[in-house]
Amino acid sequence: MRRVIRIKAMQGLYTYFNNKTVNLEDIRQKVYDGLIEEPDFYNAEQKDKTGFQMLLPVLLDEAFANKLDMNELQENQKWLGILAKKAVLTWKKENEAELDRIRKGVYQDIIQQNAIEISFWQMFSSLIEYARTQEDRKQGNFLNNEPSPEHELKITHHPYYNLLNQALHPEKGNPPAGYLAHDQELIQRLYTLLFKELPEYKTYRDKKEVGPEEEDEIWKVLYRKLFKSQPFNELMQEKDLHWSENRILLEVSLKATFKGLGMGEIPQFRRNDEEDKEYREFFNTLLDSSLENFEEDEKRMADTITNWDSDRVALLDKWIIHLSINEMRKFPHIPVKVTMNEYLEIAKAYSTPGSAGFINGVVDKLATKMRADGTLKKSAKGLMDNK
């Protein structure tokens, strides 16, 4: 889940700075458009009106750069300075409102993302169960049929299937709530796609005995096939307006769950309020620290990297670097290596082919400097749960 939060923080930075720029242009345009309705402009002489129109963009530039000095303005120009300062206040309020929208959206996404993953594994479990149902149906329809050899149904005894069922159907408490209602027709379509027609599954099914590596491999093949299947993606596009973004987040979650199954862990789909609070705080700290230290970190990058030009660096690369060093700064219990590896994986998934290598070099140099100047302080063991 922490990687999902890191991705949401990256998306949050991207959205915030993009909308910050858009808001700036919108507010400036509104000031220009509203100028003719200002009493001081309306009642002015024509020559003064022309001067006001030429002066306004200059004052707006100074105001947004926090360089506007009202004492330098003539008496009949100060109303323009006040107008420019009000525009800055409006802009800042819009930016704060944008941050609130981003935070609320992430909180909702955290809840929804969990429900989407539960739905995925519920569907996957239903497909495995359908394999057993098909065998029972065959025996019921054709009494003289010999039952299928038991080894051909070994997917229904897969060790990961047992762990998954313990998570989806706990002995105590309510089962975790999913996001989708699966109809039988969809399960039948997917069963044909994943079981009947998949060569890898046929090979696995026909073997009388398989080892742990083969069990692990067939599970990976099947869940990835379901994840990439057209029926599943069409269903999610209908249900989730942000599926293009959330699809990658689901892939991250599925990989983490698969890894846990391989270690014999029962998936923890049901989260409590304390866990949700922890994830929200992790997100808020990452985002707030990156914004608070933005200018300082930009300078740190410029001083560290030869020929650094912020405007020429891929935007996502820049946000990943900012998040990396602020995670190091704010979470001393997370090892630097863990932070770097996490963001390199994100870069591979989201940015350009050469981004991971570039980011790795930049963050490594920054971490070395931050240790030297005391900005980066790590605990003795540097350990932290990274689920």
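Position labels on residues start from 1 in each chain and follow its written sequence. Given that this is a predicted model, residues contribute local features only at a pLDDT of at least 70 and side-chain atom pairs are listed and counted only at 80 or more, while totals for whole chains, interfaces and linings are drawn from all residues. Each side-chain value is worked out from all heavy atoms of the structure, with water and hydrogens disregarded.

Peer 1: Explain the overall build of the protein to me, and be specific about the residues and the numbers.
Peer 2: When you go through the protein residue by residue, the secondary structure sums to 15 helices and zero strands. Whereas a compact globule of 387 residues would reach a radius of gyration of roughly 21 Å, the protein reaches 28 Å, over 25% beyond that. Its C-alpha atoms put the protein at 105 × 50 × 40 Å along the principal axes. Throughout, a contact is declared for two residues whenever any of their heavy atoms are within 4.5 Å. Contacts spanning at least 24 positions in sequence make up 78% of the contacts within the protein whose residues lie at least 6 apart. Using the Shrake-Rupley algorithm and a 1.4 Å probe, accessible areas are obtained, with residue cover drawn only from the displayed protein chains. Split by element, the accessible area of the protein, about 21,600 Å² in all, is 48% carbon and sulfur. For helices the rule is a DSSP run of H or I covering at least 4 residues; for strands it is a run of E covering at least 2, with both sets numbered from the N terminus onward. Radius of gyration means the value over C-alpha atoms here, while the globule rule gives 2.2 Å times the residue count to the 0.38 power.

Peer 1: Which residues make up the layout of surface pockets, and what are the values?
Peer 2: Lining residues are those with an atom within 4 Å of a point, where the points come from a 1 Å grid over the protein atoms alone and group into cavities, where a 1.4 Å probe fits but cannot get out, or pockets, open sets with protein on both sides within 12 Å along at least five of seven lines. Grid points are joined across faces, edges and corners, and a volume is the space filled by probe spheres set on the points. As a volume, the second largest pocket reaches approximately 550 Å³. Surrounding the second largest pocket, 19 residues form its lining, Y16, F17, K20, W91 and E295 being those nearest its centre. At the level of elements, α1 (2–34), α4 (78–141), α11 (273–292), α12 (294–304) and α13 (315–330) are the ones that each hand at least two residues to the lining of the second largest pocket.

Peer 1: Help me get a handle on helix α8 (residues 212–228), residues and values and all.
Peer 2: Take the residue count of a helix, subtract one, and multiply by 1.5 Å to get its expected span. The end-to-end C-alpha distance of α8, which contains 17 residues, comes to 24 Å, matching closely the 24 Å that a straight helix rising 1.5 Å per residue would cover. Working definition: with a 1.4 Å probe on protein chains only, accessible area under 20% of the residue-type maximum means buried, over 50% means exposed, and in between means partly exposed. When we look at burial in α8, the residues that qualify are E215, I218, W219, V221, L222, Y223, L226 and F227.

Peer 1: Go over a positive patch on the surface, please, and point to the residues and values.
Peer 2: Among the surface-exposed residues, R224, K225, K228 and K255 lie close enough to one another that they form a single positively charged patch. A per-element tally of the positive patch places α8 first, with three residues. Structurally, K255 can be placed in helix α10 (residues 243–262). Within the patch definition used here, like charges are joined within 9 Å and nonpolar side chains (Val, Leu, Ile, Met, Phe, Trp, Tyr) within 5 Å, considering only residues with over 30% relative accessible area and no salt bridge. Put simply, a salt bridge is a Lys or Arg side-chain nitrogen that is within 4 Å of an Asp or Glu carboxyl oxygen. Under the convention used here, Asp and Glu are negative, Lys and Arg are positive, and both His and the chain ends fall outside the count. For charged residues, the charge sits on one atom: NZ in Lys, CZ in Arg, CG in Asp, CD in Glu.

Peer 1: Give me the side chain of E98: which residues, what numbers.
Peer 2: Mapped onto the elements of the fold, E98 is located in helix α4. Assessed through its relative accessible area of 8%, E98 is described here as buried. Among the polar contacts made by the side chain of E98, one reaches the side chain of R101 at a distance of 2.8 Å. A 3.5 Å cut-off defines polar contacts: any pair of N or O atoms within that distance qualifies, except that in protein one atom must be a possible hydrogen donor and the other a possible acceptor, and neighbouring residues in sequence count only when both atoms are side-chain atoms.

Peer 1: Explain the packing of aromatic side chains to me, and be specific about the residues and the numbers.
Peer 2: Ring pairs are drawn from Phe, Tyr and Trp, using the six-membered ring of Trp, whenever the two centres fall within 6.5 Å, and their geometry is named by plane angle: stacked under 30 degrees, edge-to-face over 60, tilted for the rest. Enumeration according to the criterion identifies 21 aromatic pairs in this entry. Centroid distance W121 to W219: 6.3 Å. Interplanar angle 20°. Geometry classified as stacked. A residue pair is termed long-range when its members are at least 10 positions apart, and W121 in helix α4 and W219 in helix α8 qualify at 98 residues. Take W121 and W219: they sit in the same class, and that class is buried. Note on F294 and W319: the rings are 6.2 Å apart at their centroids and 45° apart in plane angle, and the pair reads as tilted. Note that F294 is positioned in helix α12 and W319 in helix α13, a separation of 25 residues in sequence. When sorted by exposure, F294 lands in the same class as W319, which is buried.

Peer 1: Explain helix α9 (residues 230–239) to me, and be specific about the residues and the numbers.
Peer 2: Of all the residues in α9, the buried ones are P231, F232, N233, L235 and M236. Measuring from the side-chain oxygen of the N-cap residue of α9 to the backbone nitrogen of F232 gives 3.4 Å; that N-cap residue is S229.

Peer 1: Would you mind going over the pattern of salt bridges in detail, with residue names and values included?
Peer 2: Side chains that differ in sign of charge can pair as their charged atoms come close. Across all of its chains, the model carries 20 salt bridges by this definition. A salt bridge links R329 to D297; its shortest N-O distance comes to 2.8 Å. Taken together, the residues span a long stretch of sequence, with R329 in helix α13 and D297 in helix α12 at a distance of 32 residues. An identical accessibility class is assigned to R329 and D297; each is buried. Where R300 meets D373, a salt bridge forms, and the shortest distance between an N and an O atom there is 3.0 Å. Placement of R300 in helix α12 and of D373 in the segment after α15 (355–372) is noted, with a sequence separation of 73 residues between them. On the basis of relative accessibility, which here comes to 45%, the residue D373 falls in the partly exposed class. Here the residues in one salt-bridge network are E296, D297, R300, R329 and D373, joined through shared partners.

Peer 1: Just give me the short version of the confidence of the model for the protein, but keep the residues and values in it.
Peer 2: In predicted models, pLDDT denotes the confidence assigned by the predictor to each residue on a 0 to 100 scale. With 91% of its residues at a pLDDT of 70 or more, the protein has an overall mean of 85. The least confident element of the protein is helix α6 (residues 184–196), whose mean pLDDT is 85; the most confident is α8, at 94.

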